[in-house]
Amino acid sequence: MKVLIRGAGVAGLTLAHELATRDADVTVVEKRLEIAGNASWQAGGMLAPWCERENAEETVLTLGRGAADWWDAALPGHVARRGTLVLAPARDAGELDRFGRRTSGFRHLDASQIAALEPALESRFGRGLFFAEEAHLDPRKALLSLRDKLRGMGARVEFGRSSAPASQDIEVDCTGSGDRRPELRGVRGEMLILRTHEISLTRPVRLLHPRISVYVVPRAENLFMVGATMIECDAEGPITARSTMELLGAAYALHPAFGEAELVETGVGVRPAFVDNLPRVERDGRNIRINGLYRHGFLLAPAMARQAADLIRGNPAAKEFALEAHC
């Protein structure tokens, strides 16, 4: 079976991998000239279904629980299974209690236990929540490695084009915000990448605040990704001054060493979402769409890829999270 996938973001590449392992003839086309620059490139890479349940439906937890295992099997060595640490300044302790009421799968930590997990945060926070089963990866390294693996498996991954020369049995739209249907809206996310040698973290840390909560995700070479903004618009312009100040202020509140960090990069990604903020696999004859991953791209893409692959291969059980249109 020949399958054409449009879009080389996390949705398109995970589906390509799922199909390639099932012996499909896969071609991925991407109109961008390289893999960088899309919303997936700007992602945090947190595989955190229990934390995401704080403001998401139970479906996100259900679909996301297997994400770390999928990525670990597809790209051994990329997944760091070190959990997620959730903290709040003393003045915002109520936010920590609220977060705990809306989630599960965590244990409470006191100041000494926080310091044992992250020595750099010793004496900075009196209590926190630890989600030990969660994980994270570097999304950029994952995307590049997945591209290279697919090519090694015989799949074609081509940039600077939006069509394939040969006829295909199935075409799948994984273009994300390139899908301009009115039922999809854009949600803008902004991020910073900082570099400092003055602090070391081993896992993502979420710092809660009544107005804007942020996450700080450690990466290699003393880099830290700082993000969390969710702005209801589809503008792709540069990061705003307000968001930059808020993200920098939150990083500084986590640890003053970030005040002297280098600001290496700023970025913006527009994540497509349906009204319920849940992803969909939709089929209309030989055409399939995967979209609506919202802020959960790396977390939910594996489950949606399996769902779409089951539909393509004719598995009758593949209906739970899929919609079929009949024209």
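Details of the structure are given in the entry above.
About the thresholds
Residues numbered from 1 in each chain as written. Predicted model: local features only at pLDDT ≥ 70, side-chain atom pairs only at ≥ 80, totals over all residues. Heavy atoms only, no water. Helix = DSSP H or I, 4+ residues; strand = E, 2+ residues; numbered from the N terminus. Rg over C-alpha atoms; globule rule 2.2 N^0.38 Å. Buried < 20%, exposed > 50% of the residue type's maximum accessible area, 1.4 Å probe, protein only. Contact = heavy atoms within 4.5 Å. Areas by Shrake-Rupley, 256 points an atom, 1.4 Å probe, with all protein chains shown as cover. Lys, Arg positive; Asp, Glu negative; His and termini not counted. Charge placed at Lys NZ, Arg CZ, Asp CG, Glu CD. Axes fitted to C-alpha atoms, helices over the stretch in contact; angles between N-to-C directions. Parallel < 35°, antiparallel > 145°, perpendicular 65-115°, else oblique. Left-handed = near helix turned anticlockwise from the far one by under 90°. Nonpolar A, V, L, I, M, F, W, Y, C, P; charged D, E, K, R; others polar. Expected span 1.5 Å × (residues − 1). 1 Å grid on protein atoms, 1.4 Å probe; cavity = no way out; pocket = protein on both sides within 12 Å on 5 of 7 lines; lining within 4 Å. Points joined across faces, edges and corners; volume = space filled by probe spheres on them.

A. Structural detail: the overall build of the protein. Secondary structure assignment for the protein yields nine helices and 17 strands. Here the protein has a C-alpha radius of gyration of 20 Å; the compact-globule value for 327 residues is 20 Å, and the two agree. Seen along its three principal axes, the alpha-carbon backbone of the protein occupies a region of about 60 × 40 × 35 Å. Relative to its 327 residues, the protein shows a buried fraction of 55%. For the protein, contacts bridging at least 24 residues in sequence account for 77% of all contacts bridging at least 6. For the protein, the exposed area adds up to about 14,300 Å²; of that, 48% sits on carbon and sulfur atoms. One finds the centroid of the 42 positive side-chain charges in the protein at a distance of 1 Å from the centroid of its 43 negative side-chain charges.

B. Unusual backbone geometry, seen in detail. Phi at Glu 221 is positive, roughly 60 degrees, even though this residue is not glycine. For Glu 221, the position within the fold is in the loop between strand E12 (214–219) and strand E13 (223–227). Taking relative accessible area as the criterion, Glu 221 reaches 61% and is therefore assigned exposed. Here Tyr 294, not a glycine, exhibits a phi torsion of approximately 55 degrees, which is positive. Counting through the fold element by element, Tyr 294 comes out in the loop between strand E16 (287–291) and helix H9 (297–312).

C. Region of interest: the packing of helix H1 (residues 10–20) against H9. In the contact formed by H1 and H9, the axes pass within 8 Å of each other and the chain directions differ by 45 degrees. By the angle class used here, H1 and H9 are oblique. Of the two possible hands of crossing, H1 and H9 adopt the one that is right-handed. Between H1, through Val 10, Ala 11, Thr 14, Leu 15, Glu 18 and Leu 19, and H9, the contact on the second element is made entirely by Gly 297, Phe 298, Ala 301, Ala 305, Arg 306, Ala 308, Ala 309 and Ile 312. Residues that form the contact of H1 with H9 fall into these classes: 10 nonpolar, two polar and two charged.

D. Structural context of helix H8 (residues 241–254). With 14 residues, H8 extends 20 Å between its outermost C-alpha atoms, agreeing within 8% with the 20 Å of an ideal straight helix rising 1.5 Å per residue. For H8, the full list of buried residues reads Ser 243, Thr 244, Glu 246, Leu 247, Ala 250, Ala 251 and Leu 254. Close packing links the buried residues of H8 with strand E4 (84–87), strand E10 (185–195), strand E11 (205–207), E12 and E13.

E. Molecular detail of the layout of surface pockets. The space that makes up the second largest pocket amounts to roughly 430 Å³. For the second largest pocket, the lining is made up of 24 residues, of which Arg 211, Ile 212, Ser 213, Ala 228 and Met 230 are closest to its centre. Listed by contribution, the elements that provide at least two residues to the lining of the second largest pocket are helix H2 (49–52), helix H5 (93–102), E12 and H8. A per-class count over the lining of the second largest pocket returns 10 nonpolar, five polar and nine charged.

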